[in-house]
Amino acid sequence: MELYEAVSPLDFRYYGGSEAFMKRLLPYVSEAGYVKYQAKVEAALVRTLAKHGVCSHKIADDVERAVSEVTATEVYEEQARIRHNIRSLVNVIQRKISPESRPYVHLFATSADILDTASALRYKDLTRKVILPDLIALESRLIQLAREHAETVQIGRTHGQHAEPITFGYALSLYVSRIGNRIELIDAACRNLRGQFSGAVGAFNGLSMITEQPEQIEVDLLEQLGLKASDTHTSTQCIEPEFLADLAYAIMSAYTILANFADDIRHLYRTEIAEISKKYDTQLVGSSTMPHKLNPEDFETIKSLWKAFMPRMTTVFMDGILEHQRDLTNSASSRFLMELFTAFDYTIYRLQRALNEMDVKSDNMRQNLAMSAGDTVAEPIYLLMAYHGFPDAYNHTRKLVAEVHRTGRALNDLLWEDEALHPFLDKLTEKQREVLRDSTTYIGASVQRTHATCDEWERRTQRLL
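Residues numbered from 1 in each chain as written. Predicted model: local features only at pLDDT ≥ 70, side-chain atom pairs only at ≥ 80, totals over all residues. Heavy atoms only, no water.

Scanning the protein chain from N- to C-terminus turns up 21 helices and four strands. On C-alpha atoms alone, the protein chain measures out to a radius of gyration of 30 Å, which is more than a quarter above the 23 Å that the 2.2 N^0.38 rule sets for 465 residues. Viewed in the frame of its principal axes, the protein chain has a C-alpha envelope of about 100 × 55 × 35 Å. By residue count, 50% of the 465 residues in the protein chain fall in the buried class. Carbon together with sulfur atoms contributes 52% to the accessible area of the protein chain, which is approximately 23,000 Å² in total. Counting 53 positive and 64 negative side-chain charges, the protein chain places the centres of these two groups 2 Å from one another. (Helix = DSSP H or I, 4+ residues; strand = E, 2+ residues; numbered from the N terminus. Rg over C-alpha atoms; globule rule 2.2 N^0.38 Å. Buried < 20%, exposed > 50% of the residue type's maximum accessible area, 1.4 Å probe, protein only. Areas by Shrake-Rupley, 256 points an atom, 1.4 Å probe, with all protein chains shown as cover. Lys, Arg positive; Asp, Glu negative; His and termini not counted. Charge placed at Lys NZ, Arg CZ, Asp CG, Glu CD.)

Next comes the structure, spelled out in structure tokens:
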């Protein structure tokens, strides 16, 4: 099938739109990749049986060789004939091995042992080998930008209104911290993914006929794959769903932060704000009819994709409910979960590109701050007057602000003319006076906290690589 004949825009427009990006993900996110992981589990099963003397290691070698040759095409052709996915895989493997090896393929296993373990393994590999490195690289880029703009003064906003000055680097450092926390959460959830090998209904019925400690065979199998069993080796045939749900939640939580960041930045693109723009490229088109337009389309796409995939978490939680030992009500729905992980990593890719093309307009940041500089000194006036003992400093400052709106005069001028305040103004230190004269100095600990935040998360994320 041609790429543009695909149904999902994720395939032909987004992650599939970049061949290099798509190739990195295909071994984990594609159906062909999933079949390879299932076959890998089947091979590990036979190797474990050989370790426990059930069959020879020569047989395990035979199965491993066959598994390396299995393709999704032949498995799906077999499935079209018999209508069972795992038995199709087993049949394909058995056709490629000797008659004496065939009895040991899938022995003592049930479909969920293979499917759930293969899912855990490929989600773990995808997260550890692609998503976390990409997210840490994004974190590093944000740290770089935050340090670069640690002293770039910007008006802080609350409720969409000018509030008090901060620095742009400090605004970025908030996202450095938020994303850093999600990196650690994703890493922990990834490490906690589990597999299983416990048979139909999950009580080791079959394995218990050949050993007094069937759970040890499960441990040995999963150890080969780099996974753990549930803490007490219990299941109802399927792996406890919370382990994968925890990872999906961690991914979606991080996705929400990226969408929040994209939303913040795209608002700074607004013409009346113009604190962020895109580096001009004569090849890029912003409008089909307005030649002057440069749109924040990367940031808009990020939020738009998040809107499409955020509701998928509802399905994740619904997939946690299966009747009795097992049913197939999660069989189709759970297959779509990989799209969430794919879209998330694509969003990281788009955000990296957007950051590299971002043009920070520091002069416009200062101009926007100057628009309300007279008002923003209201808070330090109130705080300093209260600190030095002026009664009802808050309401007195509000009266001064009301006078500004009535007369149009500057708050600073009214402040120094107010005789009631003179005894308290005399107590101000030179540093405190400077804050009242120049609002750009009223940035608190923005610079220090920016660098401290960057230092902290640089250390904590790099150790995960």
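Resuming the write-up.
Throughout the structure, instances matching the rule amount to ten aromatic pairs. For the pair Tyr382 and Tyr394, a centre-to-centre distance of 5.3 Å together with 80 degrees between the ring planes defines the contact as edge-to-face. Here the residue Tyr382 occupies a position in helix α16 (residues 378-387), and Tyr394 occupies one in helix α17 (residues 393-407), the gap between them amounting to twelve residues. Relative accessible area serves as the criterion here: at 48%, Tyr394 is assigned to the partly exposed category. On the numbers, 5.1 Å between centres and 85 degrees between planes, the contact of Phe390 with Phe424 is edge-to-face. In this pair, Phe390 is assigned in the loop between α16 and α17 and Phe424 in helix α19 (residues 422-425), connecting sequence segments 34 residues apart. The buried category is assigned to Phe424, whose relative accessible area is 15%. (Phe/Tyr/Trp six-rings, centres within 6.5 Å; stacked < 30°, edge-to-face > 60°.)

In this section: the environment of Ala72. In this structure, Ala72 sits in helix α5 (residues 72-82). Ala72 gets classed as buried once you look at its relative accessible area, which sits at 18%. Each C-alpha atom, one on Ala72 and one on Val54, is 29 Å from the other, the two residues being 18 residues apart in sequence. Apart from the residues lying within four places of it in its own chain, the contact partners of Ala72 are Ala32 and Val35. (Contact = heavy atoms within 4.5 Å.)

Tracing the sequence through the fold places His388 in the loop between α16 and α17. Residue His388 is classed as buried on the basis of its relative accessible area of 15%. Sequence-distant contacts of His388, defined by excluding residues within four places in its chain, comprise Phe424, Lys427, Leu428 and Gln432.

The next point concerns the pairing of strand β2 (residues 161-167). Strand direction decides the pairing type here: strand β1 (residues 153-158) and β2, joined by five bridges, are antiparallel. Following the sheet pairing, Arg157 is matched in β2 by His162. Joining the antiparallel neighbours β1 and β2 is a turn of two residues, in which His159 adopts a positive phi near 55 degrees. (Pairing = 2+ DSSP bridges.)

Its 17 residues give helix α21 (residues 446-462) an end-to-end C-alpha distance of 24 Å, which sits within 8% of 24 Å, the value for a rise of 1.5 Å per residue. Restricting attention to buried positions, one finds in α21 the residues Ser446, Val447, Thr450, Thr453, Cys454, Trp457 and Thr461. All buried residues of α21 project into a common sector of 130 degrees when viewed along the axis, lining one side. Residues of α21 that are buried make contact with α7 (111-148), β2 and α8 (168-191). (Expected span 1.5 Å × (residues − 1). Arc of directions from axis to C-beta.)

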